[in-house]
Amino acid sequence: MNHRNALFLDRDGVINEDPGYVHRADDVRFIPGIFELARAAHAKAYQIVVVTNQAGIGRGYFSEAQFNALMQWMRAQFAEAGAPLSAVYHCPSHPEHGIGEYRCESPDRKPAPGMLFRARDDLGITLATSILIGDKLSDTEAGARAGVGHRLLYDPQHDAPDDPHASARIAQLTDAIEYLQPHASRHQLQPE
């Protein structure tokens, strides 16, 4: 049976710094190591998938069109770095602060696992051998609920609370490279 691994990345706080509701390319500051990690994942045939709560849309701070324009720009940055994104999933809803149709519970809003299940179904991903990197407990809980095998909490300041859903904490994004499995060749015999 053919299986595909994914590297699931939260956006704000993992791909880019999170000063709050980033929605313009001018405001994006990429976190050091993100492209090195993404290139390593791409080289090992991982699908690179963004899964991001975007309640700023639901709160009316920016539009779906602005989000999509930013992600089109961000996709170009990843492609230029040699690590194209396979897919981007976002949830604009917020159960308390959403406006109009966005004020609702959503099966996609992390810690719910909906975006991960959608990626699994759309891209043929094997969640048990995949990796998720998030900077919040809601990220790792979504990963746990979806059955993602490695759930890494990105905690550069070493100040995040205990996280029962994380399989490990990393202080730098490049620390996640060691969790990437070689594609296909890992079962080759080593000379004695």
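Each remark here, short or long, concerns the structure printed above.
Residues numbered from 1 in each chain as written. Predicted model: local features only at pLDDT ≥ 70, side-chain atom pairs only at ≥ 80, totals over all residues. Heavy atoms only, no water.

Visitor: Whenever I open this one, the pairing of strand β3 (residues 87-91) confuses me. Can you help?
Guide: Within a regular strand, the side chains alternate between the two sheet faces. The buried fraction of β3 amounts to 4 of the 5 residues, a majority that puts the element mostly inside the structure. Examined bridge by bridge, strand β2 (residues 47-53) and β3 share 5 bridges and lie parallel to one another. Across the sheet, the residue bridging to Thr52 is His90, located in β3. (Buried < 20%, exposed > 50% of the residue type's maximum accessible area, 1.4 Å probe, protein only. Helix = DSSP H or I, 4+ residues; strand = E, 2+ residues; numbered from the N terminus. Pairing = 2+ DSSP bridges.)

Visitor: Can you help me understand the nonpolar core in this one?
Guide: A general tendency of soluble globular proteins is for nonpolar side chains to be buried together. One finds Leu7, Leu9, Leu37, Phe78, Ile133 and Leu173 to be the most contacted residues of the largest nonpolar core, which totals 36 residues. Every element with two or more residues in this core is listed here: β1 (6-9), α1 (34-43), β2, α3 (64-80), β4 (131-134), β5 (150-154) and β6 (168-170). Per-element tally for this core: the top contributor is α1, with 6 residues. Residues in contact with Leu9, not counting those within four places in the same chain, are Val14, Ile15, Ile34, Leu37, Ile48, Val49, Val50, Val51 and Ile133. (Core = buried A, V, L, I, M, F, W, Y, C linked by side-chain atoms within 4.5 Å. Contact = heavy atoms within 4.5 Å.)

Visitor: Help me understand the state of the cysteines, please; the structure alone is not making it clear to me.
Guide: Structurally, a disulfide amounts to a covalent bond that connects the sulfur atoms of two cysteines. Counting across every chain of the model gives 0 disulfides. The closest cysteine sulfur to the non-disulfide-bonded Cys91 is located on Cys104, 7.1 Å from its own sulfur. (Disulfide = S-S within 2.5 Å.)

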